[in-house]
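# Structural overview
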Amino acid sequence: MNDERREVRIAAILGTTRPGNVTSKVLALAVDELSGNPEVRVTWLDPAEMELPFPGQSGDFPDRERLQAAIRDADGLIFATPEYHGSYAATMKLVIENLGFPSVLAGKPAALIGAASGAIGAVKALEHLRSVLSHVGAIVLPGPVSVAGVHKVFDAEGRCLDEAVERRTRKLAANLLAYVERSTCPRAGLEAFARRG
């Protein structure tokens with residue numbers, strides 16, 4: 001039996017287009033944790049760099065196809081959103097709306113990060129995001145990271161000043177990778193082996 005290991009592909013989805021947002025700094029910690037592994041390829045998806053249509057808009061939107069392809073090819077996903085007005089950002093909803101029906105998120109393991117300026121963090125945003133992702137078929141992993149007082153957690157260069165936040169965020173990424181390696185990749189390997197006969 002061929003023991004060759006397949007590259008693990010993770011898509012990191014930023015859920016805001018606000019210039020200078022701090023949510024991207026939290027997501028960058030998770031990505032950094034994964035990037036040190038040569039068997040992992042991370043694709044950073046930033047909606048600020050895409051032109052995505054609202055539901056019902058017609059026309060040719062190549063970025064929508066690129067976004068769907070990146071999610072379809074991913075073994076695991078990390079979603080990062082700020083909390084706006086007691087929920088996740090509209091940008092994140094636009095990303096989800098552009099993932100087709102049935103959604104390419106179906107069956108994909110997803111880890112969640114929320115960031116907020118307030119003292120209780122992004123608890124409401126994460127609850128709402130978990131509900132929507134589960135509804136379209138994603139496998140939302142337990143243990144999301146909610147960062148409270150996020151503007152005080154990073155310095156101007158993006159370095160994390162809170163060891164607990166950094167530890168939790170890195171663990172979230174490690175847990176996602178462990179889940180993918182334990183559940184998704186062995187199944188894909190078994191399917192490929194069966195096809196070879």
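Going by the structure above, here's the rest.
Residues numbered from 1 in each chain as written. Predicted model: local features only at pLDDT ≥ 70, side-chain atom pairs only at ≥ 80, totals over all residues. Heavy atoms only, no water.

### Description of the overall build of the chain
Applied cut-off: Segments assigned H or I by DSSP are reported as helices when at least four residues long, segments assigned E as strands when at least two residues long, and all are numbered from the N terminus. Just to be clear, the radius of gyration here is over C-alpha atoms, and the globule rule we use is 2.2 Å times residues to the power 0.38. Relative accessibility decides the category of a residue: with a 1.4 Å probe and only protein chains considered, values under 20% of the type maximum give buried, values over 50% give exposed, and everything between is partly exposed.
Looking only at helices and strands, one finds five helices and seven strands in the chain. Going from N to C terminus, the chain has its helices and strands arranged as β-α-β-α-β-β-α-β-α-β-β-α. The C-alpha radius of gyration computed for the chain amounts to 17 Å, which stays within 12% of the reference 16 Å derived for 197 residues, consistent with globular compactness. Its C-alpha atoms give the chain principal-axis dimensions of roughly 55 × 45 × 25 Å. Expressed as a percentage of its 197 residues, the buried residues of the chain come to 45%.

### Focus on unusual backbone geometry
The residue after F101, namely P102, is reached through a cis peptide bond having omega 0°. For P102, the position within the fold is in the loop between α3 (90-97) and β5 (109-115).

### Focus: the environment of A11
Applied cut-off: A contact between two residues is defined here by any heavy atoms of the two lying within 4.5 Å.
Locating A11 in the fold gives a position in strand β1 (residues 8-14). For the pair A11 and G56, spaced 45 residues apart in the sequence, the C-alpha separation amounts to 26 Å. Residue contacts for A11: discarding those within four places in its chain leaves T43, L45, A70, I71, A74, G76, L77 and I78.

### A closer look at helix α2 (residues 62-73)
In plain terms, the rule: An expected span of 1.5 Å times one less than the residue number is assigned to each helix. Working definition: the arc comes from the directions between the helix axis and the C-beta atoms, pointing outward to the latter.
With twelve residues, α2 extends 17 Å between its outermost C-alpha atoms, agreeing within 8% with the 16 Å of an ideal straight helix rising 1.5 Å per residue. Of all the positions in α2, only D63, L67, Q68, A70 and I71 are classed as buried. Buried residues of α2, seen end-on, are gathered within an arc of 160° and therefore sit on one face of the element. Lining the buried residues of α2 we find β1, β2 (40-45), β3 (76-84) and α3.

### Things to note about helix α4 (residues 123-135)
Between its first and last C-alpha atoms α4 spans 18 Å; for 13 residues at 1.5 Å apiece the expected length is 18 Å, and the two agree. On the buried face of α4, the contacting elements are β3, β4 (87-88), α3, β5, β6 (139-140) and β7 (145-147). Immediately beyond the C-terminal end of α4, within one or two residues, lies G137, with a positive phi of roughly 105°.

### Remarks on the nonpolar core
To keep things clear, this is the line we draw: Throughout, nonpolar core names a set of buried Ala, Val, Leu, Ile, Met, Phe, Trp, Tyr and Cys residues whose side chains join them through atoms within 4.5 Å.
Among the nonpolar cores identified, the biggest contains 30 residues, and I10, L27, I78, I113 and F154 are the most heavily contacted of them. Broken down by secondary-structure element, the contributors of at least two residues to this core are β1, α1 (23-35), β3, β5, β7 and α5 (163-196). The contacts of I10, once residues within four sequence positions are left out, are L34, V40, R41, V42, T43, G76, I78, L176 and V180.

### Let's talk about the pairing of β3
Going by this rule: Two strands pair under a simple rule: DSSP has to find at least two bridges between them.
Counting buried positions over the nine residues of β3 gives eight, a clear majority of the element. Of the pairings in the sheet, the one linking β3 to β5 comprises six bridges and is parallel in character. Within the sheet, the bridge partner assigned to I78 lies in β5 and is A111. Across two bridges, β3 lies against β4 in antiparallel orientation. Residue Y84 lies in a different strand from β4, and its bridge partner there is S87.

### Some words on the pattern of salt bridges
Put simply, the rule reads: Note on definitions: salt bridges are taken to be side-chain nitrogens of Lys or Arg within 4 Å of carboxyl oxygens of Asp or Glu.
With the rule as written, the count across this model stands at ten salt bridges. Put simply, E33 and R170 hold a salt bridge, and the shortest N to O gap is 3.1 Å. Note that E33 is positioned in helix α1 and R170 in helix α5, a separation of 137 residues in sequence. For R159, the salt bridge goes to D155, with nearest N and O atoms at 2.9 Å. When its relative accessible area of 16% is taken as the criterion, D155 is described as buried. Each member of the salt-bridge network shares a partner with another, and the members are D32, E33, E166 and R170.

Note that every value here comes from positions in space, so none of it alone points to a role or purpose.
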